[in-house]
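# Residue-level structure breakdown
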Amino acid sequence: MIAIGSDHAGYGLKTGIIEYLSSKGLEYKDFGACDGKNPVDYPDYGKTVAEAVGSGEFEKGIIICGTGIGISIAANKVPGIRAALCTDSYMAKMSREHNNANILALGGRVIGLGLALDIVETWLNASFAGGKHTARVKKINEMDEKYLKK
Ligand code: RB5
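Rules behind the numbers
- Every residue gets a number counted from 1 within its own chain, in the order that chain's sequence is written.
- Residues qualify for local features only when their pLDDT is at least 70, as the model is predicted, and side-chain atom pairs are given and counted only at 80 or more; totals for whole chains, interfaces and linings, by contrast, use all residues.
- Only hydrogens and water are set aside; all other atoms, that is, all heavy atoms of the structure, feed into the side-chain values.
- Only the stretch in contact is used when fitting a helix axis, every axis being a line fitted to C-alpha atoms; angles between N-to-C directions are given from 0 to 180 degrees.
- We count a stretch as a helix when DSSP gives it H or I for four or more residues in a row; a strand needs E for two or more, and each element gets its number in order from the N terminus.
- For classification, angles of less than 35 degrees are called roughly parallel, those exceeding 145 degrees roughly antiparallel, those between 65 and 115 degrees roughly perpendicular, and all remaining angles oblique.
- The crossing is said to be left-handed when, going from far helix to near helix, the turn is anticlockwise and less than a right angle, and right-handed when the turn is clockwise.
- Any two residues having at least one pair of non-hydrogen atoms within 4.5 Å are treated as being in contact.
- Each residue is assigned to one class: nonpolar for Ala, Val, Leu, Ile, Met, Phe, Trp, Tyr, Cys and Pro, charged for Asp, Glu, Lys and Arg, and polar for all the others, Gly among them.
- Proximity is defined per residue: any heavy atom of the residue falling within 4 Å of a molecule or strand makes that residue near it.
- By the criterion applied in these results, polar contacts are pairs of N or O atoms within 3.5 Å in which, for protein atoms, one can donate a hydrogen and the other can accept it, and in which residues neighboring in sequence qualify only through two side-chain atoms.
- Cavities and pockets were defined on a 1 Å grid built from protein atoms only: a cavity is a group of points that admits a 1.4 Å probe but offers it no way out, a pocket is an open group of points flanked by protein on both sides within 12 Å along at least five of seven lines, and a lining residue is one with an atom within 4 Å of any such point.
- Grid points are joined across faces, edges and corners, and a volume is the space filled by probe spheres set on the points.
- Here, strands pair whenever DSSP counts at least two bridges between them.
- Categorising residues by exposure relies on relative accessible area from a 1.4 Å probe, with only protein chains included: less than 20% of the type maximum marks a residue as buried, more than 50% marks it as exposed, and the intermediate range marks it as partly exposed.
- Looking down the strands as they point away from the viewer, one classifies a crossover as right-handed if the path from the first strand across the helix to the second runs clockwise.
- Only centres within 6.5 Å qualify two rings of Phe, Tyr or Trp (six-membered ring in Trp) as a pair; their planes then separate them into stacked at under 30 degrees, edge-to-face at over 60, and tilted for everything else.
- Charge over a ring is defined by NZ of Lys or CZ of Arg lying within 6 Å of the ring centre and within 35 degrees of the ring normal.

## Section: the packing of helix H1 (residues 11-23) against helix H5 (residues 113-125)
- Here H1 crosses H5 at 50°, and the two axes come no closer than 10 Å. Relative to H5, the element H1 is oriented oblique. As H1 packs across H5, the resulting crossing turns out to be right-handed. Facing Leu13, Gly16, Ile17, Tyr20 and Leu21 of H1, the residues of H5 in contact are Leu113, Ala116, Leu117, Val120, Glu121 and Leu124.
- For the contact of H1 with H5, the residue count by class is 9 nonpolar, 1 polar and 1 charged.

Written out as structure tokens, the structure is:
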């Protein structure tokens, strides 16, 4: 199950991605924003999707703002989240294989729908490679534990 959310600047791309997920029979929940007309704050949507994934309720998340930067910064504040901002399919593949990214971040003002769908498909179909990458991702996860204790 995929959690998806965007601010107003990512709304158009989110709509196209939701159409793609539906066409593939992939289950998702849309956490808003509900339209692209009224400006909203990207941290609210990054947080909501990240909490849905961080809690274990959702396996993966997709978040979109204008650049993908703000919403990924916000999502990465939630413990257990590894949100990867990707602008091409190679980054999407590597973010799963090497970083075990559990949230994909996209920029609705940066890339078009065709590229975005290729990135989404690549990201959803790629898997964590394990091996030497396991210890590296563990070091990231240990930072959550270290700073949560404070
Ligand atoms: C909204 O104008 C814009 O700042 C936001 O979508 C995002 O790009 C922030 O990083």
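## A look at the site of the ligand
- What surrounds the ligand is the set Asp7, His8, Ala9, Tyr42, Cys65, Gly66, Thr67, Gly70 and Arg109.
- In the model, an oxygen atom of the ligand is placed 3.0 Å from a nitrogen or oxygen of the Thr67 main chain.
- The separation between an oxygen atom of the ligand and a polar side-chain atom of Arg109 is 3.2 Å.
- Considering only residue class, the shell around the ligand consists of 3 nonpolar, 4 polar and 2 charged.

## A look at the layout of surface pockets
- The space that makes up the largest pocket amounts to roughly 170 Å³.
- Classifying every residue of the lining of the largest pocket gives 6 nonpolar, 1 polar and 2 charged.

## Concerning the sheet that holds strand E3 (residues 60-65)
- The strand order across the open sheet built from 5 strands is E2-E1-E3-E5-E4, with neighbouring strands paired in parallel fashion. Two strands bound the open sheet, and with one partner strand each, they are strand E2 (28-30) and strand E4 (83-85). Each strand of the sheet is rotated relative to its neighbour by a mean of 20°, with strand direction disregarded.
- Bridge analysis of strand E1 (residues 2-6) against E3 gives 5 bridges, and the strand direction is parallel. Looking at E3, one finds that Ser6 is bridged to Ile64.
- Each of E1, E3 and strand E5 (103-107) touches helix H2 (residues 42-54); the most contacted strand, E3, lies at about 175° to it.
- The strands touched by H5 are E1, E3 and E5; relative to E5, the strand with the most contacts, the crossing angle is about 170°.

## Focus on the pairing of E1
- Burial within E1 is extensive, with 5 of its 5 residues counted as buried.
- Neither face of E1 is open: one carries Ile2, Ile4 and Ser6, the other Ala3 and Gly5, and all of them are buried.
- By the bridge criterion, 3 bridges tie E1 to E2 in an arrangement that is parallel. Note that in E2 the partner of Ile2 across the bridge is Tyr28.
- Between E1 and its parallel partner E2, the chain crosses via H1, and the hand of that crossover is right-handed.

## Examining the packing of aromatic side chains
- Taken as a whole and judged by the stated rule, the model has 1 aromatic pair.
- Ring plane angle 75° and centroid distance 5.5 Å describe the contact between Phe31 and Phe58, whose orientation is recorded as edge-to-face. In this pair, Phe31 sits in the loop between E2 and H2 while Phe58 sits in the loop between H2 and E3, placing the two residues 27 residues apart along the sequence.
- One cation-aromatic arrangement involves Lys60 over Trp123; the distance from NZ or CZ to the ring centre is 5.7 Å.
- Across the ring face of Trp123, the terminal group of Arg96 is positioned such that the distance to the ring centre comes to 5.9 Å.

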